[in-house]
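Structural features, examined
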Amino acid sequence: MAATVFYLDDIPEPGGLAVLDGPEGRHAATVRRIRVGEPITLSDGAGVLAASEVVATGRDRLELKILDRAVAQPVSPSVTVVQALPKSDRSELAVELMTEAGVDEIVPWQAARCVANWEGKARKGVDKWRAAARSAARQSRRAYIPEVAELHATGEVLELVRKVKADNGIVAALHESGSARFVDLPLAEAGRVVLIVGPEGGLDDSELCDLADAGADIVLLGPTVLRTSTAAAVALGALGALTARW
């Protein structure tokens, strides 16, 4: 089994010593009860992976000897998910699932029919999503922690769509009214894919028109209607099989 992954901003070269403290050290030493001699994989969350061995433990901290160090190459195409805010009880679940499924960037979106409203509390919401992404990345042993952008309004989402299309990327708005199928898009040829997931109430007609005008493809993901909290993870799984990501 691969060693557990923990995140550390600055990882020494092989032979050096690293100290894992703060929330990561507390989780490793107190929650996981990791002991001297156990192997741990360290990552900076930006591609660096380092094999290490625990040489000392303390309260909420570990000392580790770096044995080897490498850089994981990013997968292609990169995938951004524009996620309309789910209801609070499923909000962080959506982030966890898409992180485990391999998302590279997450853009929270205050869509017209969102039940959740982050007005006046966007900072708190974004911080929760970033913490959920970090935790899920650790669980799935990822070398890259997905970036979580600031809360986007619809106008900012449309700007993103135009930019990605200008760079020859693919933008797929997942919706049950789509006349085209997600699997028929030229995904394997793209350098970047953006998935747009609507809220529980769905994308409204004006949003669908604006997204299509900006260049997005309105597509049907599959034969069933998915929850907003699971749609991105399902689409990422399909992308893994349809492209070189897997």
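Parameters at a glance
Residues numbered from 1 in each chain as written. Predicted model: local features only at pLDDT ≥ 70, side-chain atom pairs only at ≥ 80, totals over all residues. Heavy atoms only, no water. Axes fitted to C-alpha atoms, helices over the stretch in contact; angles between N-to-C directions. Helix = DSSP H or I, 4+ residues; strand = E, 2+ residues; numbered from the N terminus. Parallel < 35°, antiparallel > 145°, perpendicular 65-115°, else oblique. Contact = heavy atoms within 4.5 Å. Nonpolar A, V, L, I, M, F, W, Y, C, P; charged D, E, K, R; others polar. Core = buried A, V, L, I, M, F, W, Y, C linked by side-chain atoms within 4.5 Å. Buried < 20%, exposed > 50% of the residue type's maximum accessible area, 1.4 Å probe, protein only. Domains from an automatic or database assignment. Buried area = accessible area lost by both parts, 1.4 Å probe. Left-handed = near helix turned anticlockwise from the far one by under 90°. Arc of directions from axis to C-beta.

1. Here we look at the packing of helix 2 (residues 88–100) against helix 6 (residues 228–242)
- Packing of helix 2 against helix 6 brings their axes to within 8 Å, and their N-to-C directions diverge by 5°. The angle between helix 2 and helix 6 falls in the class roughly parallel. On helix 6, the residues that touch Arg90, Leu93, Ala94, Leu97 and Met98 of helix 2 are Ser229, Thr230, Ala232, Ala233 and Leu236.
- Residue composition of the contact of helix 2 with helix 6, grouped by class: seven nonpolar, two polar and one charged.

2. Concerning the nonpolar core
- In this structure, Val81, Phe182, Leu195, Ile196 and Leu211 are the most contacted members of the largest nonpolar core, which totals 54 residues.
- Among the elements that take part in this core, helix 6 stands out by supplying six residues, more than any other.
- With near-sequence residues (within four places) excluded, Phe182 lies in contact with Ala172, Leu174, Leu187, Leu195, Val219, Leu220, Leu221, Ala235, Ala238 and Leu239.

3. Remarks on the domain arrangement of the protein
- For the protein, the assigned domains read domain 1 (5–71) and domain 2 (78–242).
- A straight line from the C-alpha centre of domain 1 to that of domain 2 covers 32 Å.
- Each side of the interface is counted separately: domain 1 has 10 residues, and domain 2 has eight residues.
- Summing both partners gives a buried area of about 850 Å² for domain 1 against domain 2, and 51% of it is carried by carbon and sulfur.

4. Some thoughts on the packing of helix 4 (residues 154–166) against helix 5 (residues 205–214)
- One way to put it is that helix 4 packs onto helix 5 with a least axis distance of 9 Å and a crossing angle of 25°. Here helix 4 lies roughly parallel to helix 5, going by the angle between them. Helix 4 and helix 5 meet at a crossing whose hand is right-handed. The residues of helix 5 that touch helix 4, namely those facing Thr154, Val157, Leu158, Val161, Arg162 and Lys165, are Glu207, Asp210, Leu211 and Ala214.

5. Thoughts on helix 5
- Turning to helix 5, its buried residues are Glu207, Leu208, Leu211 and Ala214. Taken around the axis of helix 5, the buried residues stretch over an arc of 130°, which confines them to a single face. Set apart from the buried face of helix 5 by more than 90 degrees, the exposed residues are Asp205 and Asp213.
- Those residues of helix 5 hidden inside the fold are in contact with strand 7 (105–109), helix 4, strand 9 (170–174), strand 11 (192–197) and strand 12 (217–220).
- Of the residues trailing helix 5, Gly215 is marked for its positive phi of about 120°.

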